[in-house]
Each structure stands twice: as structure tokens, then as C-alpha cells.
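Each chain is listed here by its residues.
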Amino acid sequence: MAAPAEELHEEYLDVMTKTGEKTGISKPRSAIHRDGDYHRAVHVWIYAESTQELLLQQRAHCKDSWPDLWDISSAGHISAGDSSLISAMRELQEELGISLPKDAFELIFVFLHQSVLNDGTYFNNEFNDVYLVTTLHPIPLEAFTLQESEVSAVKYVSLEEYRDSLAREDPNYVPYDVNSKYGQLFEIIWKRYNKNIEARSLTLQKQLCRYAQISLSAELTGVTDADKEALELIIKAAAIMDDIFYLQVWYSNPSLRNWLKDSANKSQLHKLKWMYYLINKSPWSCLDENEAFLTTADSAVKLLPEATKPVLGWKGLEYRAAFPVQKPAGANLYPPDMDKMEFELWKNSLSEDQKREATGFFNVIRRKSEILPGNSVSHNIMVSTDNADDLCIIPYSVEYKPFLAKAANLLHKAGDLTSSPSLKRLLHGKADSFLSNDYYESDIAWMELDSKFDVTIGPYETYEDAVFGYKATFEAFIGVRDDKATEQVKLFGDHLQVLEKNLPMDDAYKSEDVNAAPIRVIQLLYNSGDVKGPQTVAFNLPNDERIVKDRGTSMVMLKNVSEAKFKLILQPIADACISKEQQQLVDFDSFFTHTICHECCHGIGPHAITLPNGKKSTVRLELQELHSAMEEAKADIVGLWALRFLIDKGLLQKSLIRSMYVSFLAGCFRSVRFGLEEAHGRGQALQFNYLFEKGAIVLQSDEMFSVNFDKVEGVVESLSREILTIQAKGDKKAAKTILDKYCVMSPPLKDALKKLELIQVPVDIVPEFPIADQILQKTHC
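These notes cover the structure that comes with them.

### What to know about the nonpolar core
Note on soluble globular proteins: their nonpolar side chains tend to be buried together.
Logical step 1: The biggest cluster of nonpolar side chains holds 174 residues, and the ones touching the most others in it are Phe-434, Phe-492, Phe-669 and Leu-691.
Logical step 2: The next biggest cluster of nonpolar side chains, apart from the first, holds 51 residues, and it includes Leu-92, Leu-100, Leu-208 and Tyr-211.

What follows is the structure, encoded as C-alpha cells:
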């Protein structure tokens with residue numbers, strides 16, 4: 001049946017599910033409220049920091065809901081196809097005449113508002129994205145330009161007075177239940193502006209004490225002057241990976257970084273904020289399930305003289321650059337208000353090539369509505385012209401062009417200087433890939449690197465993408481190859497195909513053409529980019545399934561990082577948590593050997609898979625946001641299985657058997673302390689709880705832990721089989737089931753971690769790089 005004529009000219013809204021996801025259906029606004037459909041809207045609150053007041057607007061007399069009552073600073077529906085953030089910006093400009101950039105808007109929570117009005121004819125089932133705009137001072141009332149059809153007047157009211165008015169159900173105000181979720185508005189603001197300075201300082205000091213500082217360096221004897229000059233240029237290029245990564249985490253993150261740096265000398269509290277921010281590279285603490293340790297009240301102040309009408313004697317609107325209370329699952333790799341349903345609906349409308357780009361490593365997803373006309377980015381959107389959706393694909397080479405062009409120039413210069421042919425090929429190849437967005441050849445060059453200097457630079461890991469695990473973040477590791485140690489570990493790479501053939505899973509899932517993983521052991525000189533919080537002791541790259549299928553992977557071991565962690569962390573953990581009769585079995589060789597095997601095992605097992613319906617896919621695409629935790633658990637537990645296999649074949653000494661299991665147990669406590677939001681921590685919790693449940697790990701009467709050597713081998717094989725099979729089938733439901741069951745902070749884990757906290761064993765290290773620091777300081781002088 002045709003829609004009524006009046007509905008054809010109405011605003012259309014997206015119909016949502018009861019859980020707030022898009023259904024793919026849109027309806028006229030009147031029909032939405034007539035039928036009680038779930039839909040979305042934005043609430044924008046303006047808060048004046050200096051007076052602790054909220055701005056309220058009086059709704060126009062002609063409004064069909066709550067006419068003449070005092071309400072939110074600005075609010076409105078999100079039209080079909082529009083984004084939440086753009087809607088918030090638009091409503092503020094249309095209703096109040098205030099034009100603010102997106103970094104002024106802080107999403108503080110989402111609130112489902114349900115009500116029935118107008119004698120039961122108007123149903124409101126509305127998911128409201130609640131934004132907070134924090135200004136330093138109240139905006140003069142004469143600076144507003146009010147939209148007469150929406151707003152009659154505006155006024156500032158103290159936070160306390162407004163809450164009291166709602167609590168006593170003052171008939172002059174639109175009603176909200178302050179004891180429900182909407183009460184968070186007041187709690188969030190009060191909490192951030194009433195924190196005791198001494199208490200905050202003490203908390204930050206405790207958080208900082210979880211990291212042990214250590215200086216990492218390496219011998220450069222025998223390196224030519226030309227290669228030393230090349231090293232300087234490489235380290236300068238690597239430092240640029242930091243700039244890109246800060247931006248990838250959150251779009252106002254660079255402003256926050258600069259503000260905290262400039263403010264660091266103002267007080268002890270400011271210094272502590274800056275120090276802890278440098279470790280986490282964001283306002284969210286890696287070791288505390290990504291809980292924010294800063295708020296927008298700590299953030300950069302920006303002045304916008306033209307945000308409103310000019311007022312004589314007023315310099316203009318000053319606001320705080322915002323970031324959300326909850327770390328965004330998609331970082332700055334997707335629109336902050338995009339949900340999975342919207343992405344999937346959009347992806348399904350694309351061609352097969354575009355689908356591969358949408359789920360690929362080396363691009364971001366943006367909204368066309370957020371890209372300003374005339375912006376050079378708009379000419380590089382990789383999306384079909386007949387696609388009406390708001391989402392689009394932008395390659396990294398466009399999104400980060402200023403940074404990548406500078407880094408490419410430095411790498412080309414370094415490539416011209418170095419005497420190593422393979423390093424020369426890598427540096428020129430990586431420089432070209434930064435500009436072309438095609439990383440295949442440069443990653444092959446990285447795998448074939450045979451040079452005294454070891455260079456890893458570019459977009460690799462996908463941990464920041466907690467929505468799908470698709471998008472790679474930039475990082476760099478620069479080191480000096482340890483030739484003796486590299487020769488010693490060659491055994492593992494040479495036996496990958498043998499390990500694959502004997503994996504504890506159905507033969508149908510095994511690959512016949514696993515490539516040996518070259519292993520390089522280095523002494524780390526510098527790292528940057530996605531190396532926040534806990535430091536890696538090794539990495540196995542690339543993650544690109546095309547290369548894994550064609551060429552396998554390569555591994556880099558950071559030996560000086562491993563030695564630092566063993567000495568400062570693992571040994572004290574063993575002393576505190578491992579039974580006395582097994583403590584002596586914890587040694588560095590076992591710890592380092594298992595780390596090698598862990599990284600090797602990333603290269604075996606399922607990667608490119610065939611689903612039960614015959615469709616070709618990959619484990620990463622099927623498990624999405626669960627992939628990282630499952631892959632880390634796989635590499636760990638299969639690595640333990642692989643060590644036993646190699647020992648049984650006479651390729652490793654039998655004396656390793658007991659020490660590798662006990663060193664693994666001590667390592668469980670080390671990794672779980674990274675938190676259950678981090679892939680390694682989640683994977684380790686899964687393993688510990690599984691082994692504990694099956695009796696392979698035992699809690700003694702003196703509250704110390706030990707390995708049951710009679711059971712551990714069978715349990716390790718059983719868990720290996722379970723994880724490998726889940727991956728081989730691309731079974732996301734089974735992955736979620738095993739993670740939900742075992743990826744928990746169980747009582748034994750809690751007790752062990754509490755003990756380690758009491759005796760103040762560091763959780764991880766903060767490396768200092770004297771050689772690189774000297775180079776970078778010369779650059780800034």
C-alpha cells in the first residue's frame with residue numbers, strides 16, 4: 001500500500017532492534033512513534049566547567065512532545081543513514097547556532113528512553129546517544145542563535161539544582177528518572193570534578209609502579225659509518241609510527257598527548273598523568289581492562305572564536321578536546337557510532353573486490369558525511385558511486401599521507417646509504433608501500449632480510465580493532481641481530497612442516513605446504529607505534545593470509561627484552577607462586593625456548609580454511625574480534641605441545657620437559673596480569689583455567705601452585721586439539737563458548753594476583769633506548 005502523502009515529505013528514521021542494532025528498515029518519523037518502533041536520537045549537553053552549570057533549552061510551544069518544558073541543551077532524531085556524531089553536530093548548530101568540531105563531543109553513555117504520550121497515541125522507544133560538550137566558561141546567552149520552531153529560550157542551571165528539579169518531578173522540566181541510567185550524567189560530571197588531588201596522585205603512582213624501567217641497548221662494533229648514518233634515518237622514520245598510532249587509537253588523542261606534555265611541569269599530578277600516558281599511549285590503562293585513568297577534564301583546551309555569534313568583549317568559546325569514558329572498540333579505525341549490523345549491511349552491498357578492501361588490513365572505514373567537500377580525501381574513496389550508504393573505504397596511504405610521505409623519504413635515504421643488499425631492498429620497498437598501500441612485496445623483503453640491522457616497520461597487528469580484528473596498526477622494531485642466538489634457534493623453523501603434520505587435530509584440516517619460518521634473534525634498540533603497555537618479547541609476521549599461505553611467516557625474538565622480563569618479573573613470580581619443590585625448574589632457557597615455539601606456532605595450524613558449506617575463508621574473518629585471543633591461546637598451548645613433540649623426537653634435551661611446564665605456569669601469572677581486555681591476557685586465562693579444571697595445575701595446601709606431571713601432557717594435547725578444531729571450522733560460536741567459560745578471573749588467579757600485588761612484583765617493563773633517544777634528541781634540537 002502506498003504511503004500517505006504527508007509521510008513522503010517526513011524525516012525517515014532507521015528502525016532498530018530491541019538491543020539497538022540497525023534492522024536495515026527505515027520509516028517516517030510519525031509512523032515510528034505511532035508504531036512504537038525502536039529508533040535512535042542524540043542528546044547533547046553543554047557543561048560549563050568554571051561554574052558547574054548545564055545549559056538547558058526551553059522546548060518550543062509547537063512541539064508534539066513536551067512543549068514549553070525545559071530540556072537537554074540540544075537533541076534530535078538521527079535520520080535514516082545519518083551518523084550519531086554528525087547528527088549531534090547538526091542539532092547543536094541548527095537549534096542553538098553553535099558550530100563545533102567532532103572532538104568537542106564526548107559520548108558518555110547510551111540511554112534507552114521509553115514513554116507513552118498524547119493520550120497513548122505517541123510511543124517513544126528511543127536509544128539516545130548522550131554527548132557532553134565541556135566548555136571552560138558559560139557561553140553568553142546573546143551568543144546563541146535560537147531556532148524558533150524548536151527552541152523558545154536557553155538558560156544555565158547548576159548541576160545540583162537541575163538534578164533536584166528532576167528528582168522532585170518539577171512540572172517545568174521534561175521528566176527523567178535520575179535513579180535510572182540517566183543519572184550517570186550527574187555521576188560522571190561530579191566524579192571527574194571532585195577527585196582528591198592526593199588520592200589521584202597516589203593511584204597514578206601505584207599504576208606506574210607496576211612497570212619496571214630498564215635501559216636496553218646493543219653493541220654497534222663493526223658497523224660501518226654509512227650504516228650508522230642509515231640507522232639514524234631509520235629510527236627517525238620509526239618515530240613517525242608513533243604519530244600515526246596515536247591517531248589510530250582515537251582522533252583527539254594527538255591533542256591530548258601535546259596538552260599533557262606541555263602541562264607536565266605544572267605539578268606532580270600533571271607529571272604523573274604524562275608519565276602514565278606515555279606508557280599507555282592513550283587515556284585508557286592497558287592493565288586495568290582499558291579503564292580510563294584520565295577524563296575530558298584533563299584534556300586540551302581549544303579556542304573557537306567563530307563557533308557562535310560574536311559578543312562584544314568575549315574572546316569566544318573555549319572547549320575541552322573530548323574522548324569517551326569507554327575505550328572505543330573500533331579505535332579510530334571505524335566511525336565511533338558504527339555498529340556491526342550497519343557494517344555488515346553495507347559490506348553485503350559491495351562487490352567482491354570491495355568486500356576484500358572493507359575487511360582488509362590497510363584501510364580505514366569512514367563516513368562520507370564526515371568528509372568535507374573539497375577535501376582531497378573525498379577523491380580517493382574506494383566505494384562504488386551507486387552505493388547510497390554513508391560508509392566508505394579510505395586507504396592508509398591517503399588517511400595518513402603526511403606522515404607516510406615523510407617516513408618514506410627517510411627510508412629511501414637510508415636505503416641509499418646502507419651496504420646491505422637485503423636491507424636496501426626492504427627500506428626502498430617499505431617506503432614505496434607507504435605511498436602505494438600495497439605491502440605484499442615489502443613484507444616478502446622483510447621475511448628475506450639478512451642484515452646486521454633488523455628493521456620491522458609498518459602496519460601489522462590488529463589488536464586495536466576490537467570490533468572485527470580486521471585493521472592493522474603501525475609499529476616499528478629496530479634492533480641488532482644476535483648472530484649466535486639466531487643460529488641456535490634455527491631448529492624450530494626447520495621443523496614447522498613436521499609439527500604441522502603431527503598437530504593434534506583431524507588430518508583434513510592440516511596443510512601440506514607449510515613454509516619454514518626464518519627466525520631472527522635481535523637485541524632491541526628502539527620500538528614505537530603499537531607497543532603500548534606490556535612489551536612484546538617476540539613477534540611472528542606478517543599477518544596477511546596471502547603471504548602466510550604463499551610463503552609462511554618470519555619470527556623476530558627480542559632477547560634483551562626477554563632477559564629483562566625474566567629477571568625482573570618471572571623469577572619473583574616463581575618465588576611467590578610456585579611450590580618450593582618446583583621453583584628451581586623455572587629458568588630462562590625454558591622461558592625463552594617456549595617463547596620461540598609460541599611464535600613458530602603462529603605459522604602452523606589453520607589460517608586459510610574451507611567452511612563446512614564449502615566456502616573459502618580465513619580464521620581471522622570468521623572469528624572476527626575473538627580471533628586475537630584464540631590465536632594467542634593457540635600459539636601458547638600448541639607451543640607447549642610442540643616442545644614435548646620435539647623432545648620426544650630427540651631434537652631437544654629431555655631435561656627441558658619439567659622445566660618447560662613449570663616455567664609456563666609461572667608465565668601464566670605474568671601474562672594474565674595484562675588484563676582480560678588484552679589478547680595475550682585473555683588467551684592465558686583460558687589456558688590456566690582449563691589446565692586447572694582438568695587437574696594439570698594444582699593448588700597446594702600452602703596456596704602455592706605446582707604442575708601435575710602425570711596429567712599435564714594429555715591436558716595440553718586436549719586443549720590444543722579443541723582450539724585448533726575451532727579455528728579450522730571457523731566456528732565463532734564455539735570460540736565464544738570456550739572464551740566465556742575459561743577467560744575469567746577465577747578465584748585461584750585472583751588469589752595469585754593479589755599476592756603478587758602485595759609484594760609489588762612489576763607487571764611489565766618500560767624500556768628506555770639510550771642510542772635512539774640520543775638520535776631523536778638531536779633531531780629536536
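### A closer look at empty space enclosed by the protein
Logical step 1: Inspection of the entire model under this criterion finds 5 cavities of 30 Å³ or more.
Logical step 2: Approximately 100 Å³ is the volume found for the largest cavity.
Logical step 3: For the largest cavity, the full set of lining residues is Leu-85, Phe-105, Glu-106, Leu-107, Tyr-131, Trp-250, Tyr-251, Pro-324, Pro-336 and Asp-337.
Logical step 4: Looking at the lining of the largest cavity, its residues break down into 8 nonpolar, no polar and 2 charged.

### What to know about the packing of aromatic side chains
Logical step 1: Enumeration according to the criterion identifies 41 aromatic pairs in this entry.
Logical step 2: With 4.6 Å between their ring centres and 40° between their planes, Phe-362 and Tyr-439 make a pair best called tilted. Taken together, the positions of Phe-362 in the loop between α11 (352-358) and β15 (363-367) and Tyr-439 in the loop between α14 (421-436) and α15 (440-447) put the pair 77 residues apart, joining distant regions of the chain.
Logical step 3: Since its relative accessible area comes to 11%, Phe-362 is described here as buried.
Logical step 4: Take Tyr-439: its relative accessible area is 1%, and that puts it in the buried class.
Logical step 5: Among the aromatic side chains, those forming a connected cluster through ring pairs are Phe-361, Phe-362, Tyr-396, Tyr-400, Phe-434, Tyr-439 and Phe-474.
Logical step 6: Against the face of Trp-446 rests Arg-520, its NZ or CZ located 4.8 Å from the ring centre.
Logical step 7: The ring of Tyr-690 carries Lys-694 above its face, with NZ or CZ at 5.2 Å from the centroid.

### Points about the pairing of strand β7 (residues 106-117)
Logical step 1: Strand direction decides the pairing type here: β7 and strand β8 (residues 122-135), joined by 11 bridges, are antiparallel. Looking at β8, one finds that Val-110 is bridged to Asp-129.
Logical step 2: In sequence, β7 turns back onto β8 through a hairpin of 4 residues, with Asn-118 there showing a positive phi of about 50°.

### Some remarks on the sheet that holds strand β17 (residues 453-459)
Logical step 1: The 5 strands lie next to each other as β17-β18-β19-β21-β20, forming an open sheet whose pairing is mixed. Pairing within the sheet leaves two strands with one partner each, and these edge strands are β17 and β20 (538-541). Neighbouring strand axes in the sheet, compared pairwise and without regard to direction, differ in orientation by 35° on average.
Logical step 2: Pairing geometry for β17 and strand β18 (residues 474-481), over 7 bridges, is antiparallel. Bridge assignment links Thr-456 to a residue of β18, and that residue is Phe-477.
Logical step 3: Running at roughly 80° to strand β19 (residues 519-529), helix α20 (residues 559-577) makes contact with β19 and β21 (554-558) of the sheet.

### Examining the pattern of salt bridges
Logical step 1: One pass over the full model with this rule turns up 51 salt bridges.
Logical step 2: Residues Arg-551 and Glu-448 are paired through a salt bridge, measuring 2.4 Å at the closest nitrogen-oxygen approach. With a gap of 103 residues between them, Arg-551 in helix α19 (residues 545-551) and Glu-448 in the loop between α15 and β17 connect regions that are remote in the sequence.
Logical step 3: Here Glu-717 ties to Arg-721 by a salt bridge, and the two come within 3.2 Å at their closest N and O atoms. Taken as a pair, Glu-717 and Arg-721 lie in helix α27 (residues 712-729) at a separation of 4 residues, close to a single helical turn.
Logical step 4: Three or more residues joined by partner-sharing salt bridges are found here, namely Asp-14, Lys-22, Asp-337, Glu-342, Arg-367 and Asp-390.

Calculation criteria
- Residues numbered from 1 in each chain as written.
- Predicted model: local features only at pLDDT ≥ 70, side-chain atom pairs only at ≥ 80, totals over all residues.
- Heavy atoms only, no water.
- Core = buried A, V, L, I, M, F, W, Y, C linked by side-chain atoms within 4.5 Å.
- Buried < 20%, exposed > 50% of the residue type's maximum accessible area, 1.4 Å probe, protein only.
- 1 Å grid on protein atoms, 1.4 Å probe; cavity = no way out; pocket = protein on both sides within 12 Å on 5 of 7 lines; lining within 4 Å.
- Points joined across faces, edges and corners; volume = space filled by probe spheres on them.
- Nonpolar A, V, L, I, M, F, W, Y, C, P; charged D, E, K, R; others polar.
- Phe/Tyr/Trp six-rings, centres within 6.5 Å; stacked < 30°, edge-to-face > 60°.
- Helix = DSSP H or I, 4+ residues; strand = E, 2+ residues; numbered from the N terminus.
- Lys NZ or Arg CZ within 6 Å of the ring centre and 35° of its normal.
- Pairing = 2+ DSSP bridges.
- Axes fitted to C-alpha atoms, helices over the stretch in contact; angles between N-to-C directions.
- Contact = heavy atoms within 4.5 Å.
- Salt bridge = Lys/Arg side-chain N within 4 Å of Asp/Glu carboxyl O.

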